[in-house]
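Observations on the three-dimensional arrangement
Listed here are the chains, written in short residue letters.
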Amino acid sequence: MSKYDLIVIGSGPGGYVAAIRASQLGMKVGVVEKAELGGICLNWGCIPTKALLKSANVFEYLQHASDYGIEAKDFKADLPGMVKRSRDVAAGMSKGVQFLFKKNKIDQIAGTVLTHLSGMSARCSRHIVVRRKIDAVVTEIRREISEACSKMADECNEPALDEQD
Ligand SMILES: Cc1cc2nc3c(=O)[nH]c(=O)nc-3n(C[C@H](O)[C@H](O)[C@H](O)COP(=O)(O)OP(=O)(O)OC[C@H]3O[C@@H](n4cnc5c(N)ncnc54)[C@H](O)[C@@H]3O)c2cc1C
């Protein structure tokens, strides 16, 4: 069973950069991700939207090709083709994060972590819950997080909170 110095929840730009840096600093790192590696930015936000904008940009250039001394005839927008390109670009970027995780020996753990940290500092909270169906690795992580947070809660003189499921 793997033991981790750091568990990162989510592999978006915030998560994967933190995970890689922590690994570079010598920590054993695991990242729990409920969807695709790379988060919203790589999979649905920044990257695929810019890929779509690029297609629109090329189409606009073609419409004004004659302004540039270029003759372009019989072209038309292929929306499914644009969307496919956008999805392919996003998938490629997500694979890039997967490669970086492997290179930096970071474990990718598929699953959802349910957190209820409001009203209490995350540092002292032991209110971190993982769904039962997630595999045994995450169950072990849950125990370790719970123990570590319990210890911190004691140190902070915070009242212990019960785990929920
Ligand atoms: C349409 C759109 C266009 C955008 N364009 C730009 C842009 O051009 N430039 C720019 O700078 N920003 C842009 N953004 C904003 C950018 O996407 C966010 O700032 C960025 O994704 C935030 O990164 P993050 O790591 O904080 O979170 P996210 O990218 O949201 O990643 C969070 C990850 O955590 C996972 N996760 C969440 N909760 C759990 C859980 N409990 N257990 C396990 N996994 C979990 C999610 O599945 C997700 O993969 C855009 C956003 C959108 C929606």
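Below is a short write-up of the structure. Treat the numbers as computed from the prediction; the structure is a model and nothing was measured.

Topic: the sheet that holds strand β1 (residues 6-9)
- A sheet is described by the order of its strands in space; here three strands give the open sequence β1-β2-β3, paired in parallel fashion. The open sheet has two free edges, formed respectively by β1 and β3 (107-110), since each of these has just one partner strand. Neighbour-to-neighbour, the strand axes of this sheet turn through a mean angle of 25°, independent of strand direction.
- For β1 and strand β2 (residues 29-33), the ladder comprises four bridges, and the chain directions are parallel. Among the inter-strand pairings, Val8 is bridged to a residue of β2, identified as Val31.

Quick notes on the site of the ligand
- Lining the immediate surroundings of the ligand are 19 residues, of which Gly10, Gly12, Gly14, Gly39 and Gly45 lie closest.
- Going through the elements one at a time, α1 (13-24), β2, α2 (39-43) and α3 (46-63) are the ones with two or more residues in the shell around the ligand.
- Taken together, the residues of the shell around the ligand sort by class into eight nonpolar, nine polar and two charged.

What to know about α1
- Between its first and last C-alpha atoms α1 spans 16 Å; for 12 residues at 1.5 Å apiece the expected length is 16 Å, and the two agree.
- Turning to α1, its buried residues number three or more, namely Tyr16, Ala19 and Ser23. For α1, the angular spread of buried residues about the axis comes to 60°, placing them on one side. Residues of α1 that are exposed and point more than 90 degrees away from the buried face comprise Arg21 and Gln24.
- The inward-facing, buried residues of α1 abut β1, β2 and α4 (79-103).
- Looking one or two residues beyond α1, the residue adopting positive phi is Gly26, at roughly 105°.

Looking at unusual backbone geometry
- The backbone of Asp74 shows a phi angle near 55°, a positive value even though the residue is not glycine.
- Among the secondary structure elements, Asp74 is positioned in the loop between α3 and α4.
- For Lys105, which is not a glycine, the phi torsion comes out positive at approximately 55°.
- One can find Lys105 in the loop between α4 and β3.

About the cut-offs
- Residues numbered from 1 in each chain as written.
- Predicted model: local features only at pLDDT ≥ 70, side-chain atom pairs only at ≥ 80, totals over all residues.
- Pairing = 2+ DSSP bridges.
- Helix = DSSP H or I, 4+ residues; strand = E, 2+ residues; numbered from the N terminus.
- Axes fitted to C-alpha atoms, helices over the stretch in contact; angles between N-to-C directions.
- Near = placed C-beta within 6 Å.
- Nonpolar A, V, L, I, M, F, W, Y, C, P; charged D, E, K, R; others polar.
- Expected span 1.5 Å × (residues − 1).
- Buried ≥ 20, exposed ≤ 12 C-beta atoms within 10 Å, placed from the backbone.
- Arc of directions from axis to C-beta.
- Contact = placed C-beta atoms within 7 Å.

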